[in-house]
Amino acid sequence: MNGYLVPANAKKGTLIFNIFRPFDLILFCSGVGVSLLALAIVPSTNMLAVTLALLPGGICGLLVLPIPNYHNVLCALCSVYRFYTERRRYVWKGWCFYEQFKDEERKSK
């Protein structure tokens, strides 16, 4: 029948556990490592200090959390940043592009 839902070049096969990129795991492990190191150094009697020590692991965990329509939260934030910082100019060159506009475009280049 050949009624495949996933294309042959899907990226799921290149991901670790079919979810994470290598950078995602490195980011998560480093955040958890910093949190564990901070928990070993900071005295556990102060609740604010413990919360601050757990913050790097929590932030990194939220960044690699998978979300729909994007790979994860980090990819979504990168897309939003690129959208607002990089301006692109799209010139329509379709079948209704008149000759008079072609001359103006050549002059502007």
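Everything that follows concerns the structure shown earlier in this document.
Residues numbered from 1 in each chain as written. Predicted model: local features only at pLDDT ≥ 70, side-chain atom pairs only at ≥ 80, totals over all residues. Heavy atoms only, no water.

1. Quick look at the pattern of salt bridges
Phase 1 of the analysis: In the structure shown here, the tally under the stated rule is one salt bridge.
Phase 2 of the analysis: Of the charged contacts in the structure, one is a salt bridge between arginine 21 and aspartate 24, with a shortest N-O distance of 3.0 Å.
Phase 3 of the analysis: Its relative accessible area of 28% is what places arginine 21 among the partly exposed residues.
Phase 4 of the analysis: In this structure aspartate 24 comes out as buried when scored by relative accessible area, which is 0%. (Salt bridge = Lys/Arg side-chain N within 4 Å of Asp/Glu carboxyl O. Buried < 20%, exposed > 50% of the residue type's maximum accessible area, 1.4 Å probe, protein only.)

2. Details of helix H2 (residues 47-63)
Phase 1 of the analysis: An ideal rise of 1.5 Å per residue puts 24 Å on 17 residues; H2 measures up with 24 Å between its terminal C-alpha atoms.
Phase 2 of the analysis: Where H2 bends most, the angle comes to about 40 degrees, and this point is leucine 55, followed within four residues by the proline proline 56.
Phase 3 of the analysis: All of the buried residues in H2 are Ala49, Val50, Ala53, Gly57 and Cys60.
Phase 4 of the analysis: The N-terminus of H2 is capped by asparagine 46, whose side-chain oxygen sits 3.3 Å from the backbone nitrogen of leucine 48. (Helix = DSSP H or I, 4+ residues; strand = E, 2+ residues; numbered from the N terminus. Expected span 1.5 Å × (residues − 1). Bend = angle between axes of the 7 residues up to and from the residue. Polar contact = N/O pair within 3.5 Å; in protein donor to acceptor, adjacent residues only side chain to side chain.)

3. Considerations on the packing of helix H1 (residues 22-41) against H2
Phase 1 of the analysis: As a packed pair, H1 and H2 sit with axes 8 Å apart at the nearest point and diverge in direction by 170 degrees. Taken together, H1 and H2 sit at an angle that is classed as roughly antiparallel. Counting all contacts with H1, which are made through Leu27, Phe28, Gly31, Val32, Val34, Ser35, Ala38 and Leu39, the residues of H2 involved are Val50, Ala53, Leu54, Pro56, Gly57, Cys60, Gly61 and Leu63.
Phase 2 of the analysis: Of the residues in the contact of H1 with H2, the class split is 12 nonpolar, four polar and no charged. (Axes fitted to C-alpha atoms, helices over the stretch in contact; angles between N-to-C directions. Parallel < 35°, antiparallel > 145°, perpendicular 65-115°, else oblique. Contact = heavy atoms within 4.5 Å. Nonpolar A, V, L, I, M, F, W, Y, C, P; charged D, E, K, R; others polar.)

4. Some words on a nonpolar patch on the surface
Phase 1 of the analysis: A cluster of nonpolar side chains, namely Leu48, Leu52, Leu55 and Ile59, defines an oily patch on the protein surface of about 390 Å² accessible area.
Phase 2 of the analysis: When you line up the elements, leucine 52 lands in helix H2.
Phase 3 of the analysis: With relative accessibility at 51%, the residue leucine 52 sits in the exposed group. (Patch = residues over 30% accessible without salt bridge, like charges linked within 9 Å, V, L, I, M, F, W, Y side chains within 5 Å. Areas by Shrake-Rupley, 256 points an atom, 1.4 Å probe, with all protein chains shown as cover.)

5. A look at the state of the cysteines
Disulfides are covalent bonds that link the sulfur atoms of two cysteine residues.
Phase 1 of the analysis: The tally for this structure, following the rule as stated, stands at zero disulfides.
Phase 2 of the analysis: Between cysteine 75, a cysteine without a disulfide, and cysteine 78, which holds the nearest cysteine sulfur, the sulfur-to-sulfur distance is 6.4 Å.
Phase 3 of the analysis: Cysteine 75 sits in the buried class, given a relative accessible area of 17%. (Disulfide = S-S within 2.5 Å.)

6. Some remarks on the environment of phenylalanine 23
Phase 1 of the analysis: As for its position among the elements, phenylalanine 23 is in helix H1.
Phase 2 of the analysis: Classification of phenylalanine 23 by relative accessible area gives partly exposed; the value is 47%.
Phase 3 of the analysis: Separated by 41 residues in sequence, phenylalanine 23 and valine 64 place their C-alpha atoms 9.5 Å apart.

Geometric descriptors of this kind do not, in isolation, establish any biological role.
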